[in-house]
Amino acid sequence: MNVREAGRKGGQAVKARYGSEFYEKIGRKGGQATKVSHGTEFYESIGKLGGKKGGESTRERYGPKFYETIGQLGGQKVKKLIEEGKKAAKTTE
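Reading the values: rules and limits
- Residues numbered from 1 in each chain as written.
- Predicted model: local features only at pLDDT ≥ 70, side-chain atom pairs only at ≥ 80, totals over all residues.
- Heavy atoms only, no water.
- Helix = DSSP H or I, 4+ residues; strand = E, 2+ residues; numbered from the N terminus.
- Rg over C-alpha atoms; globule rule 2.2 N^0.38 Å.
- Buried < 20%, exposed > 50% of the residue type's maximum accessible area, 1.4 Å probe, protein only.
- Areas by Shrake-Rupley, 256 points an atom, 1.4 Å probe, with all protein chains shown as cover.
- Phe/Tyr/Trp six-rings, centres within 6.5 Å; stacked < 30°, edge-to-face > 60°.
- Salt bridge = Lys/Arg side-chain N within 4 Å of Asp/Glu carboxyl O.

**Student:** Honestly, the overall build of the protein in this entry has me stumped. Any pointers?
**Tutor:** Across its full length, the protein carries four helices and zero strands. Secondary structure of the protein in N-to-C order comes out as α-α-α-α. For 93 residues, the compact-globule formula gives about 12 Å, and the C-alpha radius of gyration of the protein, at 21 Å, lies well above that figure. Taking the principal axes of its C-alpha atoms as reference, the protein extends roughly 55 × 45 × 35 Å. For the protein, the proportion of its 93 residues judged to be buried stands at 3%. Accessible surface computed for the protein: about 8,400 Å², of which carbon and sulfur atoms make up 57%.

Structural data, given as structure tokens:
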């Protein structure tokens, strides 16, 4: 078992014991604590930084062809799901 699998297993055990609301509660607490210690401007700055830097980094790493490829793959997946939905609808009629 690798670290990722162990983390997932642990997360599922906590969810089973405390429920999904537990994660919402601790997430909210953490967000509020960060807001108190860093201020609302912190979220604005990391939001702008993350969106801009992430996109630029991906473009530099993979190039524009990457976006074309993933767009086509996404379109193919949607087309397949629509076809499966139509088949399922015909069999239930």
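**Student:** Can you help me understand the packing of aromatic side chains in this one?
**Tutor:** What describes a pair of aromatic rings is the distance from one ring centre to the other and the angle between the planes of the rings. The tally for this structure, following the rule as stated, stands at five aromatic pairs. Between Y18 and F22 the ring centres are 5.0 Å apart and the planes differ by 25°, which places this aromatic pair in the stacked class. Measuring from ring centre to ring centre gives 4.6 Å for Y62 and F66, while their planes differ by 25°; the resulting arrangement is stacked. Members of the aromatic cluster, connected to one another through ring pairs, are Y18, F22 and Y23.

**Student:** How should I be thinking about the pattern of salt bridges in this particular structure?
**Tutor:** Opposite charge on two side chains permits them to pair, given that their charged atoms come into close proximity. Counted under the stated rule, the structure contains one salt bridge. Among the ionic pairs, E68 bridges to K65, the shortest N-O distance being 3.3 Å. Residue E68 and its partner K65 are located together in helix α4 (residues 64–92), separated by three residues, close to a single helical turn.

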